[in-house]
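Tertiary structure, described
Next come the chains, spelled out residue by residue.
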There are 2 protein chains.
Amino acid sequence: MESNNDKPSTPTNAGSTGSPGTQAQAKGFQAVRKAHQSEIVEDYVELISDLIEQCGEARPVDIASHMGVTQPTVVKNLARLQRDGFITREKYRSIFLTKTGADLANICRHRHRIIVAFLLHLGLDAETAEHDAEGLEHHVSNKTLAAFEAALEK
Amino acid sequence: MESNNDKPSTPTNAGSTGSPGTQAQAKGFQAVRKAHQSEIVEDYVELISDLIEQCGEARPVDIASHMGVTQPTVVKNLARLQRDGFITREKYRSIFLTKTGADLANICRHRHRIIVAFLLHLGLDAETAEHDAEGLEHHVSNKTLAAFEAALEK
DNA sequence: TCCTAAAGTTAGCCATGGCTAATCTTCTAT
DNA sequence: ATAGAAGATTAGCCATGGCTAACTTTAGGA
């Protein structure tokens, strides 16, 4: 599982039969798939950052209960985060965010807050706003995020 | 791959150590993971429905180019759609949506259009609106969708 | 101190959803 | 009518991200 194989590999024939709009649509779907790959990373670094602030450290058991997954799943994903340079750690020891990880966490937290504020601004209840923001935050482009911010100022 | 095993299986210990808010957060993440499972289904039935309307039929080669994936990937996913009751088909023959599939397609199309309209209403360009809607549409609750609609009427 | 419970880890399973290579069908144009 | 191209399928690979079961380490209390 640790073979660094790097295989996103856009299909060679993608868009070959495509009419003008088809390729744009294909790129859209590909972007969504790419977003999915970063979601776990973003969710983890954001949560780890929060836990370190609130509790002084981010224990796998707490990450697991916040994410609603089992500890082995957390361990596996932490290994990926470490492999990809977002955290550092040693067996049985604390988790630290790298600069990359901490920066990403801040960006995510910022985006998350804007989306929640925007949804509240639309009149939604706090619970729905939080819930939907969790799903939306990975799919909002910078342009749209800016539009959300602009709407808040009015 | 065709063993109907049904294994979503919420972790038995989920939220065990959790403080009050923790469980809500965990449920949120679980909901996002569940949404991911339906995404492909929704994207496919929506696209199939569009293709049937526009071209008279939905060929795997066209689905592939619209989705930006290879034909074998399409075939594999069509097998799942068939297994789960959204389409009917025979080898080398046309694809038909079941009632379930067609209904789902309509719901998705409706949601998609509202989101695009809402993003345009916010002042975004058509391309960004389309692009972001693709990612957002699977993560917008009915409440939020209603709020989007309400905002459009003003 | 030392024993036990909690936390962390490893191993191994499974479904999903990508891909390529190779094969098989269908269709079309000569 | 048939050959070759286009489309569809199969087989097989891989990474991801879930899970359980079993084991190891750590840490805390008697």
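Residues numbered from 1 in each chain as written. Chains lettered and ligands numbered in written order. Predicted model: local features only at pLDDT ≥ 70, side-chain atom pairs only at ≥ 80, totals over all residues. Heavy atoms only, no water.

**Comments concerning the side chain of T128(A)**
Looking at the secondary structure, you find T128(A) in helix α5 (residues 126-136). Residue class for T128(A) comes out buried when judged on its relative accessible area of 10%. In terms of polar contacts, T128(A) uses its side chain to reach the side chain of D125(A), at 2.7 Å. Beyond its immediate stretch of four places on either side in the chain, T128(A) contacts S141(B), K143(B) and T144(B). (Helix = DSSP H or I, 4+ residues; strand = E, 2+ residues; numbered from the N terminus. Buried < 20%, exposed > 50% of the residue type's maximum accessible area, 1.4 Å probe, protein only. Polar contact = N/O pair within 3.5 Å; in protein donor to acceptor, adjacent residues only side chain to side chain. Contact = heavy atoms within 4.5 Å.)

**Regarding the packing of helix α4 (residues 99-121) of chain B against helix α6 (residues 142-153) of chain B**
Residues and elements named next belong to chain B. Between α4 and α6, the least distance of the axes is 9 Å, while the angle of their chain directions is 50°. For the element pair α4 / α6, the angle class is oblique. The interaxial crossing formed by α4 with α6 has left-handed handedness. On the side of α4, the interface is formed by H110, R111, I114, I115, A117, F118 and H121, while α6 contributes L145, F148, E149, A151 and L152. (Axes fitted to C-alpha atoms, helices over the stretch in contact; angles between N-to-C directions. Parallel < 35°, antiparallel > 145°, perpendicular 65-115°, else oblique. Left-handed = near helix turned anticlockwise from the far one by under 90°.)

**Regarding unusual backbone geometry**
A positive phi angle is found at Y92(A), which is not glycine, with a value near 65°. Classification of Y92(A) by relative accessible area gives exposed; the value is 79%.

**Here's the deal with the interface of chain A and chain B**
Taken together, the 45 residues of chain A in the interface contact 45 residues of chain B. Taking both sides of the interface into account, the surface hidden between chain A and chain B amounts to around 3800 Å²; carbon and sulfur atoms contribute 62%. Considering only the side of chain A, the residues that lose the most area to chain B are F29(A), S65(A) and H66(A), jointly responsible for 15% of the buried surface there. Our count for the contact surface shared by chain A and chain B stands at two salt bridges. Of the charged contacts in the structure, one is a salt bridge between K143(B) and D125(A), with a shortest N-O distance of 3.6 Å. Scanning the region where chain A abuts chain B turns up 17 residue pairs in polar contact (both at pLDDT 80 or more). Only α1 (20-55), α2 (60-67), α4 (99-121), α5 and α6 (142-153) of chain A provide two or more residues apiece to the side of chain A that touches chain B. (Buried area = accessible area lost by both parts, 1.4 Å probe. Salt bridge = Lys/Arg side-chain N within 4 Å of Asp/Glu carboxyl O.)

**Considerations on the relation of the copies chain A and chain B**
Between the two copies of this chain, the relationship is a rotation about some axis together with a displacement along it. Laying chain A over chain B is done by rotating through 180° and shifting 0.0 Å along the axis; what remains is an RMSD of 0.0 Å. Here the two chains are linked by the operation of a two-fold rotation axis. Closest approach to the rotation axis within chain A is made by the C-alpha atom of L136(A), at a distance of 2.9 Å. (Least-squares fit on C-alpha atoms with pLDDT ≥ 70 in both.)

**Observations concerning the confidence of the model for chain A**
Residues and elements named next belong to chain A. Put simply, chain A has an average pLDDT of 89, and 87% of its residues get 70 or more. Across residues 1-8, confidence stays below pLDDT 50; counting only partners more than four residues off in sequence or on other chains, it has three contacts. Counting interchain partners and residues more than four positions distant, the pLDDT-below-50 stretch residues 12-18 has eight contacts. (pLDDT = per-residue confidence, 0-100.)

**Section: the pattern of salt bridges**
All names here are of chain B. Using the criterion set out here, one finds 12 salt bridges over all chains in the structure. Linking R83 and D84 is a salt bridge whose minimum nitrogen-to-oxygen distance equals 2.9 Å. Classification of D84 by relative accessible area gives partly exposed; the value is 36%.

**Observations concerning the nonpolar core**
Judged by nonpolar contacts, the single largest core of 28 residues is most densely connected at I115(A), L119(A), I115(B) and L119(B). Secondary-structure elements contributing two or more residues to this core are α4, α5 and α6 of chain A together with α4, α5 (126-136) and α6 of chain B. The residues contacting L119(B), other than those within four sequence positions of it, are T144(A), L124(B), A129(B), D132(B), A133(B) and L136(B). (Core = buried A, V, L, I, M, F, W, Y, C linked by side-chain atoms within 4.5 Å.)

**Section: the environment of I63(B)**
Residue position: I63(B) is located in helix α2 (residues 60-67). With 15 residues separating them in the primary sequence, I63(B) and I48(B) have C-alpha atoms 7.3 Å apart.

**Let's talk about the packing of aromatic side chains**
Tallied over the full model, the rule gives three aromatic pairs over all chains. Measuring from ring centre to ring centre gives 6.1 Å for F118(A) and F118(B), while their planes differ by 55°; the resulting arrangement is tilted. Taken together, the positions of F118(A) in helix α4 and F118(B) in helix α4 put the pair across two chains. Neither residue differs from the other here; F118(A) and F118(B) are each classed as buried. Consider the rings of F118(B) and F148(B), whose centres lie 3.9 Å apart with planes at 5°: the pair is stacked. Taken together, the positions of F118(B) in helix α4 and F148(B) in helix α6 put the pair 30 residues apart, joining distant regions of the chain. (Phe/Tyr/Trp six-rings, centres within 6.5 Å; stacked < 30°, edge-to-face > 60°.)

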